[in-house]
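Residue-level structure breakdown
Read off the chains here:
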Amino acid sequence: MQADGQFVGSSGLRRLPDQSVEIVGIFTRPQFRGRGYGQRLFARLLDDARHYGYTLAKLDTGTFMHSANRIYESFGFKDCPPYEGAEPPPQLIPYWRYMSKKLK
């Protein structure tokens, strides 16, 4: 994502073994945080996932990533059990959260 010709943030979609989609690598550069870019990027990812025909989106995140968790919750993501294909760093598993949302 870009704003005023500058790189603001990035993310991606990845198909999981169960044919759902995982939202991965969400990042907003520090100088652009707090301006709504993360929400816009996340909304675009969900639109893209629907466009590609996915009906279930998943993500994993750190419990300590408060701003990110607020965004995910505001889009209707709910906690779910760990899923196949998630790749949290082993040392962070005690502090990790798994979330999902049905896409329509």
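Analysis parameters
Residues numbered from 1 in each chain as written. Predicted model: local features only at pLDDT ≥ 70, side-chain atom pairs only at ≥ 80, totals over all residues. Heavy atoms only, no water. Helix = DSSP H or I, 4+ residues; strand = E, 2+ residues; numbered from the N terminus. Patch = residues over 30% accessible without salt bridge, like charges linked within 9 Å, V, L, I, M, F, W, Y side chains within 5 Å. Areas by Shrake-Rupley, 256 points an atom, 1.4 Å probe, with all protein chains shown as cover. Salt bridge = Lys/Arg side-chain N within 4 Å of Asp/Glu carboxyl O. Buried < 20%, exposed > 50% of the residue type's maximum accessible area, 1.4 Å probe, protein only. Phe/Tyr/Trp six-rings, centres within 6.5 Å; stacked < 30°, edge-to-face > 60°. 1 Å grid on protein atoms, 1.4 Å probe; cavity = no way out; pocket = protein on both sides within 12 Å on 5 of 7 lines; lining within 4 Å. Points joined across faces, edges and corners; volume = space filled by probe spheres on them. Nonpolar A, V, L, I, M, F, W, Y, C, P; charged D, E, K, R; others polar. Contact = heavy atoms within 4.5 Å. Arc of directions from axis to C-beta.

**Considerations on the environment of Ile-93**
Along the chain, Ile-93 turns up in the loop between strand S6 (78–79) and strand S7 (96–102). Between the C-alpha atom of Ile-93 and that of Asp-4, which follows or precedes it by 89 residues, the distance is 38 Å.

**Description of a nonpolar patch on the surface**
A contiguous nonpolar surface patch, about 310 Å² in accessible area, is contributed by Phe-64, Met-65 and Tyr-95. Mapped onto the secondary structure, Tyr-95 falls in the loop between S6 and S7. Tyr-95 sits in the partly exposed class, given a relative accessible area of 47%.

**A closer look at the packing of aromatic side chains**
Enumeration according to the criterion identifies 6 aromatic pairs in this entry. Ring pairs connect the aromatic residues Phe-42, Tyr-72, Phe-75 and Phe-77, which therefore count as one cluster.

**A look at the layout of surface pockets**
Think of a ball as big as a water molecule: rolled over the atoms, this probe shows where empty space is left. Size it by volume and the largest pocket reaches roughly 670 Å³. Around the largest pocket sit 28 residues that line it, and Ile-26, Thr-28, Met-65, Ala-68 and Tyr-72 are the ones nearest its centre. Among the elements of the structure, strand S4 (21–28), helix H1 (37–51), strand S5 (56–62) and helix H2 (66–74) are those that each provide at least two residues to the lining of the largest pocket. Considering every element that reaches the lining of the largest pocket, the biggest residue donor is S4, with 7 residues. Its residues assigned to classes, the lining of the largest pocket shows 13 nonpolar, 9 polar and 6 charged.

**Re the environment of Leu-16**
Mapping Leu-16 onto the fold places it in the loop between strand S3 (9–15) and S4. Residue Leu-16 is classed as buried on the basis of its relative accessible area of 2%. For the pair Leu-16 and Gly-53, spaced 37 residues apart in the sequence, the C-alpha separation amounts to 13 Å. When sequence neighbours within four positions are dropped, the list of residues in contact with Leu-16 reads Val-21, Glu-22, Lys-58, Tyr-83, Glu-84 and Gly-85.

**What to know about H2**
Within the span of H2, buried status applies to Ala-68, Asn-69, Ile-71 and Tyr-72. Along H2, the residues classed as buried sweep out an arc of 160° about the axis, all on the same side. Projecting away from the buried face of H2 at angles above 90 degrees are the exposed residues His-66, Arg-70 and Ser-74. Phi turns positive, to about 90°, at Gly-76, one or two residues after H2.

Honestly, that's just the spatial picture; any functional story needs more than this.
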